[in-house]
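Commentary on secondary and tertiary structure
Residues per chain, in single letters:
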Amino acid sequence: MTAFWILAPVMVLAAMGLILSRKAVHAALCLAIVMICLAMLYAAQGAPFLFAVQIIVYTGAIMMLFLFVLMLVGVETADSIVETIKGQRVMAAVVGIGFALLLSLGIAQTVSSAVVGLGEANANGNLHGLASLLFTDYVLAFEFTAALMIVAVLGAMVLAHRERLVAPPTQADLQARRMRDYAESGKHPGNAPTPGVFARHNAVDTPALLPDGTPLPESIPGTLVSRHQFELHDAEDVNRVVGEIAAVDVDPDERPVTTEKPDVPKSADTDDEGDSK
């Protein structure tokens, strides 16, 4: 019970931050805090399997993947506030109030009365008790849930699939197209270098540099180019930085100074002036 009174306020504050935060990354971090606190409550209630699943699967895999996608793609565009479905805010408020009442009744019942049957359910271990419930009393609901997940995966594959009206190009066709583009427009047939190659730093928004020091915009990801979130550096800037680095690395007192011309041995074909006959 002590763990509940410690973790419950943290979960409530994180849930409020999830709703009230203006940036998606901050909302995702608040949701991760809620999931971690929920996992700790599972552990306090003697459910180590649910604790591990909540941490490894939901928080460690799904939530972090969602967070990394947000950080990679970015969400700078403001969401539209135009309602496409009439009355959705009213229905959302009604559902939210009903869900809040349901949670309040469940928490009040848990606080006011002691948990009965937990020791008997975990007599042979939490995993054994959980498996016994899933494959005896709740086997029908478990099978329906598995079927629903399979249907969802198949539906996502069908929606993402695109029918091809023509045969896909082969590797030989792609190579011939690259060579034709190179002959007609001078486009290099190879892959463009990744961002940051030969640049001042290896950031994803810094284009690669050609041998002459000019930037190569084709090395920047298309998402950053469409949002104009990349930095271009000209050859003069690169040469200036290279000169500064060379001046720092080499001590002026240690630079070799040569004032005399090297001696060239005279051959039979040269005269006293050093010119060829």
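Nothing here was measured: the structure is a model prediction, and the numbers come from that model. (Residues numbered from 1 in each chain as written. Predicted model: local features only at pLDDT ≥ 70, side-chain atom pairs only at ≥ 80, totals over all residues. Heavy atoms only, no water.)

Focus on the overall build of the protein
Heads up, the rule is: Here a helix means four or more residues in a row that DSSP labels H or I, a strand means two or more in a row labelled E, and each is numbered from the N terminus. For each residue, the accessible area found with a 1.4 Å probe, counting protein chains only, is set against the maximum for its type, and the residue is called buried under 20%, exposed over 50%, and partly exposed in between. Here, two residues are considered to be in contact whenever any of their heavy atoms come within 4.5 Å of each other. The accessible surface values rely on the Shrake-Rupley method and a 1.4 Å probe; as for residues, cover is taken only from the protein chains in view.
Along its length, the protein carries ten helices and two strands. Secondary structure elements of the protein, listed N to C terminal, follow the sequence α-α-α-α-α-α-α-α-β-β-α-α. Looking at the 277 residues of the protein, the share that counts as buried comes to 13%. In the protein, once contacts between residues fewer than 6 apart in sequence are set aside, the share between residues at least 24 apart is 41%. When the accessible surface of the protein is summed, it comes to about 22200 Å², and 66% of that surface belongs to carbon and sulfur atoms.

A closer look at a positive patch on the surface
Formally: Like-charged residues within 9 Å of one another, or nonpolar side chains (Val, Leu, Ile, Met, Phe, Trp, Tyr) within 5 Å, are grouped into patches, provided each residue has over 30% relative accessible area and no salt bridge. Whenever Lys or Arg places a side-chain nitrogen within 4 Å of a carboxyl oxygen from Asp or Glu, that contact is recorded as a salt bridge. We count Lys and Arg on the positive side and Asp and Glu on the negative side, and we leave His and both chain ends out. Where a charge lies is defined by one atom per residue type, namely NZ (Lys), CZ (Arg), CG (Asp) and CD (Glu).
Together, R177, R178, R180 and K187 give the surface a local cluster of positive charge. On the secondary structure map, R178 appears in helix 8 (residues 171-185).

A word on the UniProt feature "transmembrane region" (unreviewed entry) in the protein
In plain terms, the rule: UniProt positions are given in the numbering used here, feature names are shortened, and annotations may be inferred rather than shown by experiment.
Sequence positions flagged by UniProt for "transmembrane region" (unreviewed entry) are, in local numbering, residues 6-21, 28-45, 51-73, 94-118 and 138-160. Between the first and last C-alpha atoms of residues 6-21 the distance is 23 Å; the span itself is 94% helix and 0% strand. Across residues 28-45, the secondary structure splits into 94% helix and 0% strand, with the terminal C-alpha atoms separated by 26 Å.

Quick look at helix 2 (residues 24-44)
Owing to its 3.6 residues per turn, the α-helix brings residues three or four apart onto one side. Applicable threshold: Under the convention used throughout, the expected extent of a helix is 1.5 Å for every residue step, that is, one less than its residue count.
Here helix 2 contains 21 residues, and its C-alpha end-to-end distance of 30 Å stays within 8% of the 30 Å for a straight helix at 1.5 Å per residue. For helix 2, the full list of buried residues reads A27, A28, C30, A32, V34, M35, C37, A39 and L41.

So, the packing of aromatic side chains
What counts, and what does not: Paired rings are identified among Phe, Tyr and Trp, the last through its six-membered ring, by centres lying within 6.5 Å, and are further divided according to the angle between planes into stacked (under 30 degrees), edge-to-face (over 60) and tilted (the rest).
The full count for this structure, using the stated rule, is two aromatic pairs. Between F4 and W5, the ring centres sit 5.3 Å apart and the planes meet at 70 degrees, which makes this aromatic pair edge-to-face. An angle of 65 degrees between the planes, with centres 5.4 Å apart, marks the rings of F135 and F142 as edge-to-face. Owing to a relative accessible area of 33%, F142 belongs among the partly exposed residues under this scheme.

Points about a nonpolar patch on the surface
Among the surface-exposed residues, W5, F99, L102, L103, I107 and V111 lie close enough to one another that they form a single nonpolar patch of about 610 Å² accessible area. Counting residues per element, the nonpolar patch draws most heavily on helix 4 (residues 88-112), at five residues. With respect to the secondary-structure elements, I107 resides in helix 4. Overall, I107 belongs to the partly exposed group, its relative accessible area being 42%.

Quick look at the side chain of T59
Position of T59 relative to the elements: it lies in helix 3 (residues 48-73). Among residues more than four places away in sequence, those in contact with T59 are A32, M35, I36, Q54 and M64.

Overview of the packing of helix 1 (residues 2-20) against helix 2
Rules: Lines fitted to C-alpha atoms define the axes here, with helix axes fitted over just the stretch in contact, and angles between the N-to-C directions of these axes take values from 0 to 180 degrees. Between 65 and 115 degrees an angle is taken as roughly perpendicular, under 35 as roughly parallel, over 145 as roughly antiparallel, and anywhere else as oblique. Less than a right angle of anticlockwise turn of the near helix away from the far helix marks a crossing as left-handed, whereas a clockwise turn marks it as right-handed. Under the scheme applied here, ten amino acids are nonpolar (Ala, Val, Leu, Ile, Met, Phe, Trp, Tyr, Cys and Pro), four are charged (Asp, Glu, Lys and Arg), and all others, including Gly, are polar.
One way to put it is that helix 1 packs onto helix 2 with a least axis distance of 8 Å and a crossing angle of 160 degrees. With respect to helix 2, the element helix 1 is oriented roughly antiparallel. Regarding helix 1 and helix 2, the two cross each other, and that crossing is left-handed. In this structure, helix 1 uses A3, F4, L7, V10, M11, A14, A15, G17 and L18 to contact helix 2, whose residues at the interface are A27, C30, L31, I33, V34, C37, L38, M40, L41 and A44. Along the lines of polarity and charge, the residues of the contact of helix 1 with helix 2 split into 18 nonpolar, one polar and no charged.

Brief notes about helix 1
The end-to-end C-alpha distance of helix 1 is 28 Å, a good match for the 27 Å that 19 residues give at a rise of 1.5 Å each. Along helix 1, the residues classified as buried are L7, A8, M11 and A14. At its buried positions, helix 1 is contacted by helix 2.

Describing the side chain of Q54
Position of Q54 relative to the elements: it lies in helix 3. Excluding its chain neighbours within four sequence positions, the residues that come into contact with Q54 are M35, L38, A39, Y42 and T59.

Digging into the environment of F66
Here F66 shows up in helix 3. Taking C-alpha positions, F66 is 7.8 Å from A28, a pair spaced 38 residues apart along the chain.

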